Amino acid sequence: MTSPSHTIDVPPPDAHQLTIGFIGLGNMGSGMTRNLQAAGFPLVVNDIRRESADALLAGGAQWADTPAAVAAASDVVITMLPTPRHVDAVVNGSTGILAGIADGGTWIDMSTSVPEVANQVRATTAHRALHILDAPVSGMSVGAANGMLQIFVGGDAADVARLRPVLEAMGDAERILHVGGHGAGYAVKLMINQLWFSHLVATAEVLSIGVKAGVDLGVLRESLIASPANSNFIQSDVLSILEHGDYDEGFAIALACKDLGLSIDLARSVGVPAEVSGLVEQIYRRARAQYGDLAGEMTPVKLYEDLIGVELRLADRGEAVA
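Predicted model, so just to flag it, every value in this text is computed and none were measured.

**Q** Describe the overall build of the protein, and please don't skip the residues or the numbers.
**A** Scanning the protein from terminus to terminus reveals 16 helices and nine strands. In terms of overall dimensions, the protein is globule-like: its C-alpha atoms have a radius of gyration of 22 Å, near the 20 Å expected for 322 residues. Across its three principal axes, the protein shows a C-alpha extent of roughly 70 × 45 × 35 Å. Within the protein, the fraction of its 322 residues that count as buried is 52%. When contacts within the protein are restricted to residue pairs at least 6 apart in sequence, those whose partners lie at least 24 apart make up 67%.

**Q** Outline the packing of aromatic side chains, listing residues and values.
**A** A complete count under the given rule lists three aromatic pairs for this structure. With a centroid separation of 5.7 Å and 75 degrees between ring planes, the pair formed by Trp-196 and Phe-197 is classed as edge-to-face. The pair Trp-196 / Phe-197 is uniform in exposure class, with both members buried. When the ring of Phe-197 is compared with that of Tyr-284, the centres are 4.9 Å apart and the planes differ by 55 degrees; the resulting orientation is tilted. Placement of the pair is Phe-197 in helix H10 (residues 184-212) and Tyr-284 in helix H15 (residues 275-291), with a sequence separation of 87 residues. A relative accessible area of 2% places Phe-197 in the buried class. One aromatic cluster is present, formed by Trp-196, Phe-197, Phe-233 and Tyr-284 through successive ring pairs.

**Q** Before we move on, could you go through H10 and cite the residues and values that matter?
**A** The terminal C-alpha atoms of H10 lie 42 Å apart, and with 29 residues this matches the ideal 42 Å at 1.5 Å per residue to within 8%. Of the residues trailing H10, Gly-214 is marked for its positive phi of about 100 degrees.

**Q** So, the environment of Met-32: which residues are in play, and what are the values?
**A** Looking at the secondary structure, you find Met-32 in helix H1 (residues 27-38). Every residue in contact with Met-32, bar those within four places of it in the chain, is listed here: Phe-22, Met-80, Met-110, Ala-144, Leu-149 and Met-170.

Thresholds, definitions, all that
Residues numbered from 1 in each chain as written. Predicted model: local features only at pLDDT ≥ 70, side-chain atom pairs only at ≥ 80, totals over all residues. Heavy atoms only, no water. Helix = DSSP H or I, 4+ residues; strand = E, 2+ residues; numbered from the N terminus. Rg over C-alpha atoms; globule rule 2.2 N^0.38 Å. Buried < 20%, exposed > 50% of the residue type's maximum accessible area, 1.4 Å probe, protein only. Contact = heavy atoms within 4.5 Å. Phe/Tyr/Trp six-rings, centres within 6.5 Å; stacked < 30°, edge-to-face > 60°. Expected span 1.5 Å × (residues − 1).

Nothing here speaks to function; it is all geometry.
Structure (structure tokens):
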């Protein structure tokens with residue numbers, strides 16, 4: 001390793017020749033890795049549950065026992081983990097990514113996280129010329145499975161361009177956005193989540209009030225869609241509940257509460273009041289306390305349904321089901 005007073009210049013390999021290390025094979029990571037494998041990228045994988053890698057290993061992926069071993073065997077290491085605490089634990093320490101990654105190597109964190117962990121890594125490894133990107137995603141587990149994630153990338157433009165084939169194996173090419181420098185990807189994802197959760201709470205409240213006032217649920221929704229108050233949530237996302245009673249258990253409310261907490265922390269760190277966001281967070285935490293950590297991320301709607309004694313469901317003729 002060179003002296004900290006000098007930087008090194010290690011040219012990164014071409015993206016089409018990369019071996020990808022992937023850490024975190026949960027609801028999101030499992031689909032993302034399947035698409036990377038289908039695109040022809042050799043994989044080295046690790047997760048706290050080895051059995052989560054069985055299908056990948058059957059398809060030719062290699063297993064590594066530690067994050068350090070993943071990094072040592074890979075050109076690019078991708079992390080997809082639940083919280084910043086998990087990211088920090090996987091990156092640092094004697095068995096962490098930094099213990100195995102080569103000078104000039106690449107780490108892409110696709111977790112919903114905050115800039116502090118990656119900032120610390122850059123500060124302590126400046127002499128190693130690492131290429132670090134934050135690239136959190138939207139699209140839920142369905143988007144991960146079908147390779148149509150939206151990806152919001154923060155980092156150097158040259159790295160984003162070089163690694164685009166890797167990102168396109170997991171995401172929609174039209175919605176892979178370079179949103180700014182280091183940390184911008186984290187911030188954009190947190191703001192997207194915050195606004196979506198706010199849409200959910202506001203929609204649940206409006207539909208519940210309208211139905212309780214005697215308005216037909218289908219008529220109310222169509223009226224909202226025809227109005228300046230229309231949103232993608234009202235037009236599309238809420239249908240999983242209104243038509244199927246699906247509160248999206250693929251993304252647990254415990255993780256939604258984590259994301260809301262990170263969003264509030266970001267607001268605090270930049271000195272912007274977040275009264276509405278704070279109230280949305282409280283409603284989500286109440287739903288988590290009432291329905292449990294594993295309830296779906298859309299479960300706050302159920303809070304309102306229970307309050308009014310009506311399930312918000314579109315019947316064949318657009319009627320609420322009592």
